[in-house]
Amino acid sequence: LGCLRELRLLKMAKNTNIRISLPAVCFVWQIAMIILFGVFIRYDEESDTHWIEHRRKKNISTNLENDFYYRYPSFQDVHVMIFVGFGFLMTFLKRYSFGGVGFNFLIAAFGIQWALLMQGWFHHLDENDWKIKIGVENLINADFCVASCLIAYGACLGKVSPVQLMVLTLFGVTLFAVEEYIILELLHAKDAGGSMVIHTFGAYYGLTISWVLYRPLLSQSRHLQGSVYHSDVFAMIGTLFLWMYWPSFNSAIADHGDGQHRAVINTYLALASSVLTTFAISSISQNNGKLDMVHIQNATLAGGVAMGTASEFMITPYGSLIVGFCSGIVSTFGYLFLTPFMEKTLKIQDTCGIHNLHAMPGVIGGIVGAITAASASESVYGQEGLINTFDFKDAVANRTVNIQGGYQAAGLFVAIAFGLVGGALVGGILKLPIWGDPADANCFDDDVYWEVVVFFK
Amino acid sequence: LGCLRELRLLKMAKNTNIRISLPAVCFVWQIAMIILFGVFIRYDEESDTHWIEHRRKKNISTNLENDFYYRYPSFQDVHVMIFVGFGFLMTFLKRYSFGGVGFNFLIAAFGIQWALLMQGWFHHLDENDWKIKIGVENLINADFCVASCLIAYGACLGKVSPVQLMVLTLFGVTLFAVEEYIILELLHAKDAGGSMVIHTFGAYYGLTISWVLYRPLLSQSRHLQGSVYHSDVFAMIGTLFLWMYWPSFNSAIADHGDGQHRAVINTYLALASSVLTTFAISSISQNNGKLDMVHIQNATLAGGVAMGTASEFMITPYGSLIVGFCSGIVSTFGYLFLTPFMEKTLKIQDTCGIHNLHAMPGVIGGIVGAITAASASESVYGQEGLINTFDFKDAVANRTVNIQGGYQAAGLFVAIAFGLVGGALVGGILKLPIWGDPADANCFDDDVYWEVVVFFK
Amino acid sequence: LGCLRELRLLKMAKNTNIRISLPAVCFVWQIAMIILFGVFIRYDEESDTHWIEHRRKKNISTNLENDFYYRYPSFQDVHVMIFVGFGFLMTFLKRYSFGGVGFNFLIAAFGIQWALLMQGWFHHLDENDWKIKIGVENLINADFCVASCLIAYGACLGKVSPVQLMVLTLFGVTLFAVEEYIILELLHAKDAGGSMVIHTFGAYYGLTISWVLYRPLLSQSRHLQGSVYHSDVFAMIGTLFLWMYWPSFNSAIADHGDGQHRAVINTYLALASSVLTTFAISSISQNNGKLDMVHIQNATLAGGVAMGTASEFMITPYGSLIVGFCSGIVSTFGYLFLTPFMEKTLKIQDTCGIHNLHAMPGVIGGIVGAITAASASESVYGQEGLINTFDFKDAVANRTVNIQGGYQAAGLFVAIAFGLVGGALVGGILKLPIWGDPADANCFDDDVYWEVVVFFK
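Since we're looking at a predicted model, the values are computed, not measured.

### Re the packing of aromatic side chains
Residues and elements named next belong to chain A. Tallied over the entire structure, the rule returns 81 aromatic pairs over all chains. Ring geometry for Phe88 against Phe234: centres 6.2 Å apart, planes inclined by 35 degrees, an arrangement best described as tilted. Residue Phe88 is found in helix H4 (residues 72-89), and its partner Phe234 is found in helix H9 (residues 229-251); the two are separated by 146 residues along the sequence. By the burial criterion, Phe88 is buried, and Phe234 matches it.

And the structure:
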């Protein structure tokens, strides 16, 4: 029966009926999650009722070592960014707001489960019992991991089915866990806010998928690709929650102590700076100086992306302002010139302009991180400060800052490579005519996957 | 004069003029609050300027015992759920968004004051001076208490006047404080996230009121009972803030230390799991697999409700996923089949479907809690861990886990009983023709209680 | 060329082309920020990599002294109020939502940078190396400072160009830093939540500017001065985030320990109380008791404003309720009677009614603060508590509470004076015909400064 069905699907291209495939994917994968969690996932020491005995044994006199508010407020801020921030940022299309916020919700809810497993296997597998012990910090990392898939979704917004998005997320999280392991563990590069690991990888992953899935006749649904007045205001909810909580994003897993403080200050300043340059470029690009909501919704965030790697470093407050200054300009120019160019010449259709908001600022962030690391000195950081900031311990105890800079740059290339190769592979899979994606004339339309009462004439 | 007026009101049924009654209720009750607060409410030790002397006397060397951030971030998350979460979840109706978010605001603002008093009398009355000493934890509990009334409002949304809602809240908070006292203090049941105390009670309270206030001709305003495109997006703001902050809700008053960590992890996982099953059932229920926004807005939250009681327990991460899996399915099926059935056969009109989102998952939560408690063992919890988790101290020092399970189940019945009996009584009061509720043909219409410029044709 | 252009601008009054001026202001000022930050701003001790050495030197055994979560959660709450709270509160106009939330974003992003410098010069200049050392607390103060400019924007909403707003912010932040220095440092008045320093100053600053910029023919754009249904719901997002996080606002820089706890409780109660009186007055003022969204969006917040100064004091819980009770009434009456009166008679056009939400409750807050301070006693506060609460140390070690009350009152007058004189000066500057402000017939219209697709018929 399944075979017959598949044949029928192959014949009638662009059957968007997902009544079997979406429930099947959701059920089967969720059941797989339950089984894998049953086999592998346990509470970590701080979340286990044995904590009280463990604490006494280890002579931890106060309760501080298990302080709930050690990372939890940061976790909640990041959580809001993932679900409300990314979700509402993608409500800007006039008839795809349900899909923007709804599918964002679906893939993030699946992705965080799969990320707990994948990141657990690579980073937190207890060698004694082969279990993954999870705590609040794992939840933050799972949210981080999912962010890369949501970025990739931005390139495909309105052109793929929810089943395709589930596949995109399954492979995206898998690839993320591997490249994260290579960059952070093997190369020992630093990337607290994920300029490379999250933004660069996620953006190139999404752009390559979008390139493979190129739709030559997408102009048939061009009338739906714009916004309406209130959908633009909805998108501003996403923008602002991303913007406000970005200091928490970049500092959430930074070193407790001075590192976390510094990450907040640097990110706060870079973001403020990129707001001003975004307004400037947006205004100067129009005949009468009128501002474009697309720029304000997106390019204002470029400073946060570009500050992802170096936020922990002693980049200085004015250095942060300069990074925000440049990335705001680059990002807005991207929306003005690069997006149309990429669509026409490179055949990359990038609905949300993630190349401008994540790819370019992410690469800037990686480069800034490499340069800042390579130019770090004991006179600025202090002897111990230098060791602390770059974790020059154990296997890398003798690494110099110049070599660290080289490894940072290597990390950036790994992120790009994983994005490009992974995106090409996954794009190929998603090109199979079995996923229920819409025809070119039906893109950007909630009516395909949602019960939409006829609100519109 | 007041007597004449009342007569006139009794004659002309469905006079929705609340120009006297609403201001009167607001003023008189607020003045009553001021007087009662003057008599009963004082700052607790940590909020009093004498703290510094007290600290020295008790030899508390550091400031930690009065750490502001001990519970405050959790309080703020819960606060957002009450006002933005519940408020925006109820904006989904096409012409009742003002009433949804506005009356939610009114009754929560009144309810938290009354809850501080009622909960104070039952739980925190200082026997030396007969004062209630309040601190941040009392504010969290007041928010919790109000949540049950907001759930009840969900069943009545669009069909009652703000004066009726104030009465519903006055009695709802009173009933809540009593049943909470019975369940948590007398039965010594555990219910950190309130599956029983908040959700089950609140839902049956609201459903019974809605049953008493049954409107046979409600179909006359059926044209207003749906949503429009952007009102559904507004409702997603409520959904997401509830979803994201639910781990804070279930852990806000959990045991500091491992209990709070565990509550977060369990709730996070249950919620993620119920998102996937909600999407699955929603899609499978339609001919072409199209998703229904009503399901996504509501049933995705069922995992959080169902994890309210057991969140503190060692239910294991995969156990949490299973709870979320089942409650997402049950809740979505409720929207598909039970809500229409209840309206036709049981004469219960449940505007927001709180039976599906709060009643059923709440009962599931209570049952899961009872089973998990009854099957707790020293091998899993550790000797001290078991005592800590269930507070087997003082009067209940010798209670076994089996007996605890029985008391948990008893707590569930108390919550249901209070909801049903309390709802019947309050429903009877609200049936009096003096409260300015709208006619059947005027339900779900902001125009009745709000100055609405003629936006609509 | 620039000269010719300026001449042309002077000739054609009401040229709203800001294609040169807005980018110029953004670029030049942002570059100035970078230079000034390079010269003056450095990380403070806790944010510097030398922290670890410093800690050892000072024998700080634990990491607590540099606890990241000491102030950070409060910072994030305040940050949300500034960008989402104020931003969305100003989206209520039917065709000026972009301008409301967008320009709020622009001026806040610029203002926080300039505030870090101005407040740094006045409060945190290190006399050894003439540098300003910034940390998380400085970020909170910068957000506070910007709030006063956003309040002032409320009076001018829809009637000024973004260039004018940048000028308003440049001078507003400057004036703020000076009056804050006078009130808090020289007069040694207490004002944790800024009833005087932020709200009173900001409101009179904005009102005076609006008075200088009086537009006699503003009625020409009256058709755009109202709201539409969904723009009112958007504004409720702003209202609720302001309302919910106001306890964090008033406690963010309060004394750690009991002061912060007390500030939260007092603000929470005052806000709850003003919700009820706002609903009461709003309902009683209409023939059929219908509520007005303008009142609910604004006057419900009056309790938070009025509790800004006294929130740290032992005003008692019922005292807080009384303050909220009165300020809710005063504020709603303001919207009903004062705003029309001021527009007709005093020629002050106050778009958002900041006189009702910030000026009057701010003055109430200042007076309540002065009275509460003057009536403080050792019997209520305790000997040490009194010294702690009012910081009776060093130069003011011998100040009595009566004298403190007098200085509090003096602080209120300083705030009003700075608002009036500063507003007159800045209003005069903004009256120059070079800023690209709209004609009277083009006010409240996003089409002037934004690319708005023709959504509207």
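### Looking at the interface of chain A and chain B
Listed by partner, the interface residues are 80 residues for chain A and 75 residues for chain B. Taken over both partners, the interface formed by chain A and chain B buries close to 6,500 Å², and the fraction arising from carbon and sulfur atoms is 72%. Run the count over chain A and chain B and you get one salt bridge. The closest approach of N and O atoms between A:Asp447 and B:Lys290, which form a salt bridge, is 3.7 Å. Taken together, the links from chain A to chain B amount to 20 residue pairs in polar contact (both at pLDDT 80 or more). Among the elements of the structure, helix H2 (21-40), strand E1 (41-43), helix H3 (51-57), H4, helix H5 (97-123), helix H6 (136-156) and H9 of chain A are those that each provide at least two residues to the side of chain A that touches chain B.

### Brief notes about the relation of the copies chain A and chain B
Between the two copies, chain A and chain B, the superposition gives an RMSD of 0.0 Å; the rotation angle is 120 degrees and the shift along the axis is 0.0 Å. Within this description, the copies of the chain are treated as partners about a three-fold rotation axis. By C-alpha distance to the rotation axis, the residue of chain A lying nearest is A:Pro73, at 3.8 Å. A low fraction, 11%, of the interface residues of chain A reappear at the interface in chain B, so the copies pair through non-equivalent surfaces.

### Looking at the pattern of salt bridges
Residues and elements named next belong to chain A. A full pass over the atoms with the stated rule returns 33 salt bridges over all chains. In this structure, Glu343 engages Arg222 in a salt bridge whose closest nitrogen and oxygen atoms are separated by 3.2 Å. Of this pair, Glu343 sits in helix H13 (residues 317-346) while Arg222 is found in the loop between helix H8 (195-212) and H9, placing the two residues 121 residues apart along the sequence. What makes Arg222 partly exposed here is its relative accessible area of 40%. Via salt bridges that share partners, Asp126, Asp129 and Lys133 belong to a single interconnected network.

### Observations regarding the state of the cysteines
Taken as a whole and judged by the stated rule, the model has zero disulfides over all chains. Cysteine A:Cys156 remains unbridged, with the sulfur of A:Cys352 as its closest cysteine sulfur at 9.5 Å. Summary of cysteine pairing: C:Cys149 is not part of a disulfide, and the nearest cysteine sulfur, belonging to C:Cys145, is at 5.8 Å.

### Things to note about the interface of chain C and chain B
Taken residue by residue, the interface counts 75 residues in chain C and 80 residues in chain B. Surface buried jointly by chain C and chain B totals about 6,500 Å² across both partners, of which 72% is contributed by carbon and sulfur atoms. A per-residue breakdown of the area chain C buries against chain B is headed by C:Tyr229, C:Tyr268 and C:Leu276, which together make up 13% of the total. Along the contact surface separating chain C from chain B lie one salt bridge. At the junction of chain C and chain B, the tally comes to 21 residue pairs in polar contact (both at pLDDT 80 or more). When contributions to the side of chain C that touches chain B are tallied by element, the ones reaching two or more residues are helix H4 (72-89), helix H9 (229-251), helix H10 (258-284), helix H11 (293-298), helix H13 (317-344), helix H15 (378-381) and helix H16 (383-390) of chain C.

### Focus: the sheet that holds strand E3 (residues 131-134) of chain A
All names here are of chain A. Reading across the sheet, the three strands line up as E1-E3-E2 and stay open at both edges, with mixed pairing between neighbours. The open sheet is flanked by E1 and strand E2 (125-126), the only strands paired with a single partner. With three bridges joining them, E1 and E3 adopt parallel strand pairing. What sits directly across from Arg42, in E3, is Lys133. In the packing of H5 onto the sheet, the strands contacted are E1, E2 and E3, and the crossing angle to E3 comes to about 110 degrees.

### Examining the sheet that holds strand E2 (residues 125-126) of chain C
All names here are of chain C. Taken together, three strands build an open sheet; the order of strands is E1-E3-E2 and the sheet is mixed. The outermost strands of the open sheet, each flanked by one partner alone, are strand E1 (41-43) and E2. Helix H5 (residues 97-123) contacts E1, E2 and strand E3 (131-134) of the sheet and is inclined by roughly 110 degrees relative to E3.

So, how was this worked out
- Residues numbered from 1 in each chain as written.
- Chains lettered and ligands numbered in written order.
- Predicted model: local features only at pLDDT ≥ 70, side-chain atom pairs only at ≥ 80, totals over all residues.
- Heavy atoms only, no water.
- Phe/Tyr/Trp six-rings, centres within 6.5 Å; stacked < 30°, edge-to-face > 60°.
- Helix = DSSP H or I, 4+ residues; strand = E, 2+ residues; numbered from the N terminus.
- Buried < 20%, exposed > 50% of the residue type's maximum accessible area, 1.4 Å probe, protein only.
- Contact = heavy atoms within 4.5 Å.
- Buried area = accessible area lost by both parts, 1.4 Å probe.
- Salt bridge = Lys/Arg side-chain N within 4 Å of Asp/Glu carboxyl O.
- Polar contact = N/O pair within 3.5 Å; in protein donor to acceptor, adjacent residues only side chain to side chain.
- Least-squares fit on C-alpha atoms with pLDDT ≥ 70 in both.
- Disulfide = S-S within 2.5 Å.
- Pairing = 2+ DSSP bridges.
- Axes fitted to C-alpha atoms, helices over the stretch in contact; angles between N-to-C directions.

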